Amino acid sequence: MTSAPQRGSSPSRSLSEPTRPILGKLSEVVETFFPAQCPGCGQWDTAACDACLEAMGEPMEVAHFLPHLSRITPDGDDIPLFPVWALSSYEEMGAVIRAWKARPNSMLDKLVGDRVDQLVRKAAGSFGEALDDATTIHVVPAPSRPARYRADTYVTGTIADRVAGALATRSSGPDLVTSIDLFAPRKGRQRGRSRRDRHKRAPVRLRADLDGGQILLVDDVATTGATLDDCWQALHQRKHSILGALCIAAVIPRGTVP
Ligand SMILES: [Zn+2]
């Protein structure tokens, strides 16, 4: 697919819309076989309990914990490529995120999505001036493997839609916000590749170019920053401007979570 990203005053996506209605029905069928249980604490009859969802809070700046984003300046300073905000630590939210990615789950789409929306709407000052000063923001989910798009477990796309929706309502926010699948699905782990090749990560490719505006990357989990660095390289080559990245959770050294 090479269609140009859509533009509009409300968030729009260029890839997922035609496929979602069908996959939505599949999700409902799958869910009837798996009774709801909070993956974080095991509480029954909820896809995620309030207490576990509250592990997500005010965005924290975590770029300095991600070694792949570190760049050493000529003066010897260690400066991250761009700011990365996380809503939680992976230690707290990992179980919920793993369950969310394991199979389609429209309840987790809604519960985690609503919490993301709430936090991004009210985040006061956490994002710094960059986000409030931008006139156009394209919210771009990090790419995943093709199977995840087919199986409707591309949760990063769901997060991007909710982040874009929330940013569009901020009074000090940008004039235009879109949610766009700018990256092509990322092939990898194919059968038949040599052991050595399997360890090489597939490159990140853009499916289209944007005409101006600034990009906010979105990912579910930031571990080392490798994926975000790969995204940055693909965008930077094409002269796109990146405001930062927002993740649901980041792997943060123990004892540093406020
Ligand atoms: Zn729970």
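Located above this text is the structure these notes cover.
What comes next is a walk through the structure. Everything quoted here is computed from the prediction, not taken from an experiment.

## As for the overall build of the chain
- Scanning the chain from terminus to terminus reveals nine helices and eight strands.
- The proportion of buried residues among the 258 residues of the chain is 41%.
- Taking all contacts inside the chain whose residues are at least 6 apart in sequence as the whole, residues at least 24 apart take part in 77%.

## Notes on the pairing of strand S7 (residues 214-222)
- For S7, a buried count of eight out of nine residues is recorded, marking the element as mostly surrounded by other parts of the structure.
- In the sheet, strand S5 (residues 136-141) pairs with S7 via five bridges, with the strands oriented parallel. Following the sheet pairing, Ile137 is matched in S7 by Gln214.
- Remark: the S7/helix H9 (residues 226-237)/strand S8 (residues 241-250) crossover connection has right-handed handedness.

## Structural notes on the nonpolar core
- Val84, Val139, Val163, Val218 and Cys247 are the most contacted members of the largest nonpolar core, which totals 68 residues.
- By residue number, the principal contributor to this core is helix H7 (residues 155-169), which donates eight residues.
- Look past the residues within four positions of Val218 in its chain and what remains in contact with it is Val139, Val140, Pro141, Ala142, Thr156, Ile159, Ala160, Val163, Ala245 and Leu246.

## Brief notes about helix H4 (residues 106-122)
- Here H4 spans 24 Å end to end across 17 residues, near enough to the 24 Å set by a 1.5 Å rise per residue.
- What H4 keeps buried is the set Leu108, Asp109, Leu111, Val112, Arg115, Val116, Leu119 and Val120.
- Residues of H4 that are buried in the fold lie against helix H2 (50-53), helix H3 (90-102) and H7.

## What to know about the pairing of S8
- In terms of residue burial, S8 counts as a mostly covered element, since eight of its 10 residues are buried.
- With three bridges joining them, strand S4 (residues 84-86) and S8 adopt parallel strand pairing. Looking at S8, one finds that Trp85 is bridged to Leu246.
- Here S7 runs beside S8; their pairing, made up of eight bridges, is parallel. Bridge assignment links Ile215 to a residue of S8, and that residue is Ile242.

About the criteria used
Throughout this description, residue numbers start from 1 for each chain and increase along the sequence as written. Side-chain atom pairs in this predicted model are given and counted only at pLDDT of 80 or more, local residue features only at pLDDT of at least 70, and totals for whole chains, interfaces and linings cover all residues. Here a strand is any run of E in DSSP of at least two residues, a helix any run of H or I of at least four, and the numbering for each starts at the N terminus. Each residue is classified by how many other C-beta atoms fall within 10 Å of its C-beta atom, where C-beta atoms are placed from the backbone; a count of 20 or more means buried, 12 or fewer means exposed, and values in between mean partly exposed. Residues are defined as contacting one another if the C-beta atoms placed from their backbone atoms lie within 7 Å. Whether two strands pair depends on DSSP finding at least two bridges between them. Seen with its strands pointing away from the viewer, a crossover is right-handed if its path from the first strand over the helix to the second goes clockwise. As used here, a nonpolar core is made of buried Ala, Val, Leu, Ile, Met, Phe, Trp, Tyr and Cys residues. They are joined through C-beta atoms within 7 Å. Here the expected span of a helix is defined as 1.5 Å times the quantity of residues minus one.

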